[in-house]
Amino acid sequence: VAGVDLGGTNLAVALFDEEHRIVDRARLPTPTAGPDAVVEAIAEAVGGLRAAPDAVGVGAPGPVNDGIVKTTPNLRGWTGPVPLAALVAERLGCAAVVDNDANVGAVGEWVAGAGRGSRFLLGVWLGTGVGGGLVLDGKPYRGAFGGAGEFGHMCVHLGGALCGCGRRGCVEAYAGRASMERTVAMAVAAGRETELETVRAATGKARYTSAVLSKALKRDDPLATGVLDEAVAALGAAVGAAVNLLDLDRIVVGGGLAEKLGDSLVARIATATRPYLLVPDVERPMVLAELGDDAGVVGAAALARSLLANSGPG
Ligand SMILES: [Zn+2]
């Protein structure tokens, strides 16, 4: 089986053996000319692998239902719903499955990363936005219309900060890097002195990246500390609500910010979660993701494998 991680910038492909180990991989820039060009690029990347897979799984940005990718701002030239699973299956002549990248990442961590052995798992991805993916009762969970797991848009503050989705008070409006950067940029524009700006200028970065935030935190910068405190508080409230609703047995935290700040961030979110838990005396580990960028291809390939298992031999 092969897994495809379709990102806005790059497209990563990996071929897996029977033990679900990566035996070959490829990476190329994501074409910007629309869905047909992307399908062609997937075919080219998969065709260049050392063996032809029996099934291909794809993790795509944006909402996915039944193999159809809805409008996604992260893929240029995608203006309407695209039946990506059918297009990939037809072009490659093999079985294909497509799911949202946050769901796929959670599946990756569940089968081969920090989520191994869990039956009720929430994956939380801290990147430009805040993503989520669920495994419930030992199965990837997509909900009635493919929209489950939108952890980033759980409301943690009625009438609160404006989110990239246009709503107010979402956890992403406090814990997404884009939102955190906006808060910092506004403070800097208002004349606030901060190590965030000093570090950003010194490292030649155009934005307040996770690396910039990490350095400013080490220097005890009050603005950086305040922004992260707010993010941690929002994440704690949202994870608490998710646990109370779903009775999860593990939470895996990954994404660029989590990779940069590591276990100490995870420990802080766990502490911020506790006051919200109705049943706090149960062991529900919150752990750092293990697979890094590979979570996408690993999860996508696992979905491809389950497709083969479901359709039976041959
Ligand atoms: Zn939102």
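Quick note: structure is the one above.
Values in this document were obtained by computation on a predicted structure and should not be read as measured data.

**With respect to the overall build of the protein**
- Across its full length, the protein carries ten helices and twelve strands.
- Scaling as 2.2 N^0.38, a compact globule of 314 residues should have a C-alpha radius of gyration of about 20 Å, and the protein matches this with 20 Å.
- Projected onto the principal axes, the alpha-carbon positions of the protein cover approximately 60 × 45 × 35 Å.
- Expressed as a percentage of its 314 residues, the buried residues of the protein come to 49%.
- Put simply, the protein shows about 14,600 Å² of open surface, and 53% of that area lies on carbon and sulfur atoms.
- Counting 28 positive and 34 negative side-chain charges, the protein places the averaged centre of each group 3 Å from the other.

**Regarding helix α6 (residues 195-203)**
- Along α6, the residues classified as buried are L196, V199 and R200. Taken around the axis of α6, the buried residues stretch over an arc of 100°, which confines them to a single face.
- Between the side-chain oxygen at the start of α6 and the backbone nitrogen of L196 there is a gap of 3.0 Å, and the oxygen is on T194.
- G204 sits one or two residues past α6 and shows a positive phi near 70°.

**Some points on the packing of helix α7 (residues 210-218) against helix α9 (residues 256-273)**
- Taken N-terminus to C-terminus, the directions of α7 and α9 make an angle of 25°; their axes are 9 Å apart at the nearest point. Classified by the interaxial angle, the pair formed by α7 and α9 is roughly parallel. Viewed along their axes, α7 and α9 form a crossing whose handedness is right-handed. On α9, the residues touching S210, A211, L213, S214 and L217 of α7 are G256, L257, K260 and L261.
- When its residues are assigned to classes, the contact of α7 with α9 shows five nonpolar, three polar and one charged.

**Points about α9**
- In a regular helix each residue adds 1.5 Å, so 18 residues correspond to 26 Å; α9 covers only 21 Å between its end C-alpha atoms and thus falls short of that length.
- If you look at α9, its biggest bend is around 110°, right at G262.
- Within α9, the full set of buried residues consists of L257, A258, L261, G262, L265, V266, I269, A272 and T273.

**Description of the coordination of the zinc ion**
- Donor atoms from the polypeptide that coordinate the zinc ion comprise H153 (ND1), C163 (SG), C165 (SG) and C170 (SG), at 2.0 to 2.4 Å from the metal.
- In this structure, the zinc ion is coordinated by four donor atoms arranged in tetrahedral fashion, with angles at the metal of 106 to 116°.
- Positions of the donor residues of the zinc ion along the chain correspond to the pattern H-x9-C-x1-C-x4-C.

What counts as what
- Residues numbered from 1 in each chain as written.
- Predicted model: local features only at pLDDT ≥ 70, side-chain atom pairs only at ≥ 80, totals over all residues.
- Heavy atoms only, no water.
- Helix = DSSP H or I, 4+ residues; strand = E, 2+ residues; numbered from the N terminus.
- Rg over C-alpha atoms; globule rule 2.2 N^0.38 Å.
- Buried < 20%, exposed > 50% of the residue type's maximum accessible area, 1.4 Å probe, protein only.
- Areas by Shrake-Rupley, 256 points an atom, 1.4 Å probe, with all protein chains shown as cover.
- Lys, Arg positive; Asp, Glu negative; His and termini not counted.
- Charge placed at Lys NZ, Arg CZ, Asp CG, Glu CD.
- Arc of directions from axis to C-beta.
- Polar contact = N/O pair within 3.5 Å; in protein donor to acceptor, adjacent residues only side chain to side chain.
- Axes fitted to C-alpha atoms, helices over the stretch in contact; angles between N-to-C directions.
- Parallel < 35°, antiparallel > 145°, perpendicular 65-115°, else oblique.
- Left-handed = near helix turned anticlockwise from the far one by under 90°.
- Contact = heavy atoms within 4.5 Å.
- Nonpolar A, V, L, I, M, F, W, Y, C, P; charged D, E, K, R; others polar.
- Expected span 1.5 Å × (residues − 1).
- Bend = angle between axes of the 7 residues up to and from the residue.
- Donors = N, O, S within 2.8 Å, 3.2 Å for Na, K, Ca; no water.
- Tetrahedral: all angles 85-135°; square planar, octahedral: opposite > 155°, others 65-115°.

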